[in-house]
Amino acid sequence: MCQPDAVSSAVSAPPVCVLGLGLIGGSLLRAAVAAGREAWGYNRSSGAVDAAIADGFDASTDLPTVLRRAAASDALVVVAVPMPVVDSVLAAVAEHAPNVALTDVVSVKSAVAAAVAARGLSARFVGGHPMAGTAESGWDAGTADLFRDAVWVVTVDDGADPDVWQQVAGLALDCGSVVVPAESGEHDAAVARISHLPHILAEALALAGAGGGDLALALAAGSFRDGTRIAGTAPALVDAMCEGNATAVLAALDETLEVLRNAREQLADGRTGDLTSAGHAARLRYEQRERKPITGIVPGDDNWIEQLRDAGRRGGVWTS
């Protein structure tokens, strides 16, 4: 039986090279260092690099040098840039460090996996997505505790390298997260519902409130504040998430529009109970969910990928 702490014992913790030092990448660099890992980072803009260095971290704007260092030290390379920039970063990885263990923290997985394959990097790639964040962005918004007790998806796509999978899972655990294994397409369908669609709805709710003018905004309190919190996210980041997962987001949006259409028809008849009762029950299901530890699965054994997929579908988590 493979207990979660077998990740640490089976695979020695490699150095970590983080490409992109925004909220997620910057927090990851901090968390990796706090966990005792050797870690360094890259960012295209000198402002983030200067800020990281001022805070005592190892960072550079020289991507080729950073990647050659990763190759020489057999580091785990983490792509932490927005989806529109992923391919250009992968091109540099293919040129300067084509054999490193590779992961990412981008919010869509199928598109990243396709970009990795196009650059010939699939053999040592395992995708990742920490389900953590704030409405803020940039290096200064990061914190070493961002991933504490968060879910971190580690993909189990066909052909995944079990050693790299354990390295990625080990990094997530070191950062304080629990690991949920998922196939990339299933991940994208899920996050369309619980991450990307909420951004769209929050933007629409913010517009509805502002449409009421100054009086409406003056009266706005907790429900409006909480419902629109993520509308404070930088628009370019929301665009990258939703556009990069458009097919799955459209399916979830169409389903939600049908729910709203039915709710409108019922409200016109003086009723709202169907929506409120179903929505309340759905929220309680979320609040009462339990994390079920995954045991008895050893990465690399026969059928390990499908076993981990099944465990993830059932709400299982790989924990420390």
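Refer to the structure printed above.
Residues numbered from 1 in each chain as written. Predicted model: local features only at pLDDT ≥ 70, side-chain atom pairs only at ≥ 80, totals over all residues. Heavy atoms only, no water.

1. Remarks on the overall build of the protein chain
Within the protein chain, the secondary structure is distributed over 14 helices and 10 strands. A compact globule built from 320 residues would reach a C-alpha radius of gyration of about 20 Å, and the protein chain, at 21 Å, matches this within 12%. Considered along the principal axes of its C-alpha atoms, the protein chain spans approximately 70 × 45 × 35 Å. Put simply, the protein chain has 320 residues, and 45% of those count as buried. (Helix = DSSP H or I, 4+ residues; strand = E, 2+ residues; numbered from the N terminus. Rg over C-alpha atoms; globule rule 2.2 N^0.38 Å. Buried < 20%, exposed > 50% of the residue type's maximum accessible area, 1.4 Å probe, protein only.)

2. Structural notes on the side chain of T155
By secondary structure assignment, the location of T155 is in strand β7 (residues 151-155). Owing to a relative accessible area of 3%, T155 belongs among the buried residues under this scheme. In this structure the side chain of T155 is engaged in a polar contact, spanning 2.8 Å, whose partner is the backbone nitrogen of G127. Each residue touching T155, except ones within four places of it in the same chain, is listed here: K109, V126, G127, W165, A182 and S184. (Polar contact = N/O pair within 3.5 Å; in protein donor to acceptor, adjacent residues only side chain to side chain. Contact = heavy atoms within 4.5 Å.)

3. Quick notes on the sheet that holds strand β3 (residues 59-60)
Either a parallel or an antiparallel arrangement is found when strands of a sheet pair, and the pairing is made through backbone hydrogen bonds. In space, the five strands of this open sheet follow the order β3-β2-β1-β4-β5, with parallel pairing throughout. Edge positions in the sheet fall to β3 and β5 (101-104), since each of these pairs with one other strand and no more. The pairing of strand β4 (residues 76-79) with β5 spans four bridges and is classified as parallel. Each bridged residue has a counterpart across the sheet, and for V78 the counterpart in β5 is T103. (Pairing = 2+ DSSP bridges.)

4. Some thoughts on helix α3 (residues 46-54)
Among the residues making up α3, those that are buried are A48, V49, A51 and A52. For α3, the arc enclosing every buried residue in end-on projection is 165°, short of the 170-degree limit, so these residues lie on one face. (Arc of directions from axis to C-beta.)

5. Looking at the nonpolar core
Core analysis: the biggest nonpolar cluster contains 45 residues, and L28 and W165 have the highest contact counts within it. Going through the elements one at a time, β1 (16-19), α2 (23-34), α3, β4, β7, α7 (162-174) and α14 (304-313) are the ones with two or more residues in this core. The dominant element in this core, judged by the number of residues it contributes, is α7, at seven residues. Core analysis: the second largest hydrophobic core is formed by 28 residues, Y42, V77, V106 and F125 among them. (Core = buried A, V, L, I, M, F, W, Y, C linked by side-chain atoms within 4.5 Å.)

6. Looking at the pattern of salt bridges
The final tally for this structure, using the stated rule, is 19 salt bridges. For the salt bridge of R69 with E38, the shortest nitrogen-to-oxygen distance reads 3.6 Å. Note that R69 is positioned in helix α4 (residues 63-73) and E38 in the loop between α2 and β2 (39-42), a separation of 31 residues in sequence. According to the relative accessible area criterion, R69 is partly exposed, its value standing at 32%. What makes E38 partly exposed here is its relative accessible area of 44%. With a shortest N-O distance of 2.8 Å, E287 and R283 are connected by a salt bridge. Here E287 and its partner R283 are both found in helix α13 (residues 273-287), four residues apart, which amounts to about one turn of the helix. Overall, R283 belongs to the partly exposed group, its relative accessible area being 47%. Where salt bridges share partners, they join D158, E186, E306, R309, D310 and R313 into one cluster. (Salt bridge = Lys/Arg side-chain N within 4 Å of Asp/Glu carboxyl O.)

7. Topic: α14
W304, I305, L308, R309, A311 and G312 are the residues of α14 that are buried. End-on, the buried residues of α14 take up no more than an arc of 165°, which puts them together on one face. The secondary structure elements touched by the buried residues of α14 are α7, β8 (178-182) and β10 (316-317). Positive phi appears at G315, one or two residues downstream of α14, with a value of about 90°.

8. Digging into the packing of helix α8 (residues 184-210) against helix α12 (residues 246-268)
In contact at an axis separation of 8 Å, α8 and α12 are set at 65° when each is read in the N-to-C sense. Considering only the axes of α8 and α12, their crossing is right-handed. Along the contact surface, α8 presents D188, A189, A192, R193, H196, L197, I200 and L201, while α12 presents A248, V249, A252, L253, E255 and T256. When its residues are assigned to classes, the contact of α8 with α12 shows nine nonpolar, two polar and three charged. (Axes fitted to C-alpha atoms, helices over the stretch in contact; angles between N-to-C directions. Left-handed = near helix turned anticlockwise from the far one by under 90°. Nonpolar A, V, L, I, M, F, W, Y, C, P; charged D, E, K, R; others polar.)

9. Structural notes on the packing of aromatic side chains
Applying the stated rule across the entire model yields four aromatic pairs. Each ring, one from F57 and one from W139, has its centre 5.5 Å from the other, and the planes form 70°; the classification is edge-to-face. One end of the pair, F57, is in the loop between α3 and β3; the other, W139, is in the loop between β6 (128-130) and β7, and 82 residues separate them in sequence. Both rings, one in F147 and one in W152, keep their centres 5.2 Å apart while their planes meet at 50°; by these two values the pair is tilted. Accessibility expressed as a relative area gives 0% for F147, which makes it buried. One residue, R30, lies across the ring of W139, its end atom 3.7 Å from the ring centre. One Lys or Arg, R69, reaches over the ring of W40 and ends 3.8 Å from the middle of that ring. (Phe/Tyr/Trp six-rings, centres within 6.5 Å; stacked < 30°, edge-to-face > 60°. Lys NZ or Arg CZ within 6 Å of the ring centre and 35° of its normal.)

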